[in-house]
Amino acid sequence: MSLKPIHDMGVAELAAAIADKKTSSVEAAQHLLARARQHEHLGVYLALNEDLSLAQAKAADARVAAGERTPLLGVPLAHKDIFVTRGFPTTAGSKMLAGYQSPFDATVVSQLAAAGAVTLGKLNCDEFAMGSGNDNSAFSAAHNPWDVSRVPGGSSGGSAAAVAARLVPAATGTDTGGSIRQPAAFCGITGIKPTYGRCSRYGMVAFASSLDQAGPMARSAADCAALLTAMAGPDIDRDSTSLDHPAEDYSAALTRSREGATAAQPLKGLRIGLPAEFFGAGCAPDVLAAVRSALSEYEQLGATLVDISLPRTELSIPVYYVIAPAEASSNLSRFDGVKFGHRARQYDDLIDMYKKTRSEAFGPEVQRRIMIGTYVLSHGYYDAYYLQAQKIRRLIAQDFQQAFTQCDVIAGPVAPSVAWTIGEKSADPMANYLADIYTLSTSLAGLPGMSVPAGFGAANMPVGLQLVGNYFKEGELLHTAHAFQQATDWHLKTPQGY
Ligand code: GLN
């Protein structure tokens with residue numbers, strides 16, 4: 001028998017316990033499935049398939065019995081319901097795809113499965129990944145285990161809440177404008193959005209194709225590294241924006257020592273840039289206090305803090321909310337009642353069928369974005385909005401390159417406040433959009449970014465520290481987060497009752 005409850009083990013611990021035969025993958029899956037049922041009130045799972053999960057666990061146990069010992073073998077994970085999966089329905093949080101069964105697995109899903117991970121279920125998210133609180137899910141709200149009256153963040157809210165509530169040791173998420181980092185921050189877990197193109201988008205239901213990126217969410221940077229090692233890598237035959245750049249061993253990067261580092265100062269020589277625009281009046285004082293104390297811990301670890309500027313931060317909101325809806329309006333045109341998903345029952349003719357199908361099955365936020373996107377792409381407005389936004393997007397990316405001449409990693413808050421209460425921002429799309437201020441620019445630039453638990457703010461809710469690196473610097477980000485997690489225990493805190 002294992003020494004501690006299975007749900008208290010992280011990925012590495014659980015993999016070791018399975019490999020050492022202190023427990024089995026089947027036992028772990030059964031335990032976590034029972035826990036999923038016990039905590040149904042959190043609204044995190046949209047689908048389970050116990051028979052399939054247990055069959056996968058049995059297969060993993062057979063690999064263990066045959067002597068295999070690999071970092072994810074037998075470990076149960078769950079996927080954001082935006083990744084298509086065989087054997088589980090895939091809805092993207094939308095009525096449009098209710099009950100949809102994919103005939104194939106997303107690349108990220110099949111890569112994790114090949115590494116021996118077991119799929120436990122599909123996790124709630126905002127409809128087509130549009131949102132910041134999981135309250136745009138067509139099925140149910142997801143709740144933050146730190147305070148069930150609050151949102152877990154979004155759009156990967158189910159993933160963050162499931163990991164924080166110890167329902168699963170790690171989960172996949174996607175980040176188009178912050179959807180891995182912000183829910184990770186709101187739920188006190190660790191998440192990384194890799195460089196755009198680092199993980200395949202094949203089989204990820206598309207929201208905004210030039211921004212969408214998959215990534216892992218787990219308790220620690222070390223566990224994120226184990227997942228990312230399996231998820232990353234080229235998939236150029238199936239995803240034309242997949243980068244033809246070999247996958248790395250991110251777990252090895254965790255402990256790779258820096259030049260000049262000492263045991264007491266593992267980050268000696270690391271220059272952390274603090275953008276003035278991330279530390280202004282727009283950020284709640286409780287969040288800033290937690291972020292600043294995390295930064296002094298970084299100084300203790302040997303890092304130096306450098307003042308930098310990302311002058312176009314404010315513009316990232318209008319730019320993102322032109323480009324993302326434009327791409328969404330194009331991507332979502334495939335949901336026409338013919339090829340996929342819902343079709344209205346009664347209609348007069350083809351046009352009426354399109355109208356009724358799309359009005360019935362898309363929620364209000366998705367409809368809003370389709371209208372904005374169609375508008376900014378229309379003749380006469382394309383130059384004024386879409387083209388302008390693309391130009392500013394390029395300038396935002398250049399600002400980051402300028403900043404990286406002065407520092408190695410950029411740090412700041414993930415979000416301007418802790419998690420808000422469910423319903424508080426539901427009626428006000430602008431309030432949601434504004435809360436994305438610190439995550440959008442990284443996505444527009446295609447850079448890797450992560451969220452690291454950094455303490456607690458108002459109402460004792462978790463606060464995340466954001467770390468942003470240059471292209472392909474996932475290893476450096478994970479190393480930087482890991483050093484912090486070796487010295488602090490914010491990432492080990494568990495919400496009461498879980
Ligand atoms: N909150 C942002 C939006 O609503 C980001 C979503 C995401 O990253 N998927 O678009």
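As the structure is a computational prediction, the values presented were derived from the model and not from experiment.

A. Spatial organisation of the site of the ligand. Around the ligand, the structure places 15 residues, and the nearest of them are Ala129, Gly177, Ser179, Tyr320 and Arg369. Here Gly131 contributes a backbone N or O atom positioned 2.9 Å from an oxygen atom of the ligand. The side chain of Ser132 places a nitrogen or oxygen atom 2.9 Å from a nitrogen atom of the ligand. For the ligand, the protein covers 99% of the area, taking 290 Å² as the surface of the free molecule. Residue classes in the shell around the ligand are distributed as 5 nonpolar, 7 polar and 3 charged.

B. Here's a closer look at the nonpolar core. Core analysis: the largest hydrophobic core is formed by 151 residues, its most contacted members being Phe128, Leu467 and Leu478. Non-local contacts of Leu467, meaning those with residues more than four positions away in its chain, are made with Tyr298, Val409, Ile410, Ala411, Pro448, Gly449, Met450, Val452, Leu477, Thr480 and Ala481.

C. Spatial organisation of the pattern of salt bridges. Counting across every chain of the model gives 18 salt bridges. One salt bridge connects Asp105 with Arg86, and the closest N-O pair in it is separated by 3.5 Å. Taken as a pair, Asp105 in the loop between β2 (76–80) and α4 (107–114) and Arg86 in the loop between β2 and α4 lie far apart in primary sequence, 19 residues in all. Asp105 gets classed as buried once you look at its relative accessible area, which sits at 17%. Residues Asp352 and Lys356 are paired through a salt bridge, measuring 2.8 Å at the closest nitrogen-oxygen approach.

D. The environment of Ala62, seen in detail. One can find Ala62 in helix α3 (residues 50–65). Ala62 gets classed as partly exposed once you look at its relative accessible area, which sits at 46%. Spatially, the C-alpha atoms of Ala62 and Ser24 are 10.0 Å apart, while their sequence positions differ by 38 residues.

E. View of a nonpolar patch on the surface. Taken together, Tyr375, Tyr381 and Tyr385 make up a surface patch of nonpolar side chains, about 290 Å² in accessible area. In this fold, Tyr385 is placed in helix α13 (residues 382–403). Overall, Tyr385 belongs to the partly exposed group, its relative accessible area being 36%.

F. Main features of α4. What α4 keeps buried is the set Thr107, Val108, Val109 and Leu112. Positive phi appears at Gly116, one or two residues downstream of α4, with a value of about 100°.

G. Summary view of the packing of α4 against helix α7 (residues 221–231). For the pair α4 and α7, interaxial distance at closest approach is 8 Å and the crossing angle is 110°. On the basis of their axis angle, the class for α4 and α7 is roughly perpendicular. Taken as a pair, α4 and α7 cross one another with a handedness that is right-handed. Contact residues: Val108, Gln111 and Leu112 in α4; Leu227, Ala230 and Met231 in α7.

H. Spatial organisation of the packing of helix α10 (residues 316–331) against α13. One can describe the packing of α10 onto α13 by two numbers: an axis separation of 9 Å at closest approach and a directional angle of 125°. Classified by the angle between their axes, α10 and α13 sit oblique to one another. Here α10 and α13 pass one another in a crossing that is left-handed. In this structure, α10 uses Ser316, Val319, Val322, Ile323, Ala326 and Glu327 to contact α13, whose residues at the interface are Tyr385, Tyr386, Ala389, Gln390, Ile392, Arg393 and Ile396. By residue class, the composition of the contact of α10 with α13 is 9 nonpolar, 2 polar and 2 charged.

I. The pairing of strand β6 (residues 213–218), seen in detail. Among the 6 residues that make up β6, 6 are buried, leaving the element largely enclosed by the rest of the structure. Where burial is concerned, the two faces of β6 agree: the one with Gln213, Gly215 and Met217 and the one with Ala214, Pro216 and Ala218 are both buried. In this structure, strand β4 (residues 170–175) lies alongside β6, joined through 6 bridges in antiparallel fashion. Across the sheet, Ala170 pairs through a bridge with Ala218, a residue of β6. When strand β5 (residues 190–193) meets β6, the two strands line up antiparallel, connected through 2 bridges. Across the sheet, the residue bridging to Thr190 is Ala218, located in β6.

What counts as what
- Residues numbered from 1 in each chain as written.
- Predicted model: local features only at pLDDT ≥ 70, side-chain atom pairs only at ≥ 80, totals over all residues.
- Heavy atoms only, no water.
- Near = heavy atom within 4 Å.
- Polar contact = N/O pair within 3.5 Å; in protein donor to acceptor, adjacent residues only side chain to side chain.
- Areas by Shrake-Rupley, 256 points an atom, 1.4 Å probe, with all protein chains shown as cover.
- Nonpolar A, V, L, I, M, F, W, Y, C, P; charged D, E, K, R; others polar.
- Core = buried A, V, L, I, M, F, W, Y, C linked by side-chain atoms within 4.5 Å.
- Buried < 20%, exposed > 50% of the residue type's maximum accessible area, 1.4 Å probe, protein only.
- Contact = heavy atoms within 4.5 Å.
- Salt bridge = Lys/Arg side-chain N within 4 Å of Asp/Glu carboxyl O.
- Helix = DSSP H or I, 4+ residues; strand = E, 2+ residues; numbered from the N terminus.
- Patch = residues over 30% accessible without salt bridge, like charges linked within 9 Å, V, L, I, M, F, W, Y side chains within 5 Å.
- Axes fitted to C-alpha atoms, helices over the stretch in contact; angles between N-to-C directions.
- Parallel < 35°, antiparallel > 145°, perpendicular 65-115°, else oblique.
- Left-handed = near helix turned anticlockwise from the far one by under 90°.
- Pairing = 2+ DSSP bridges.

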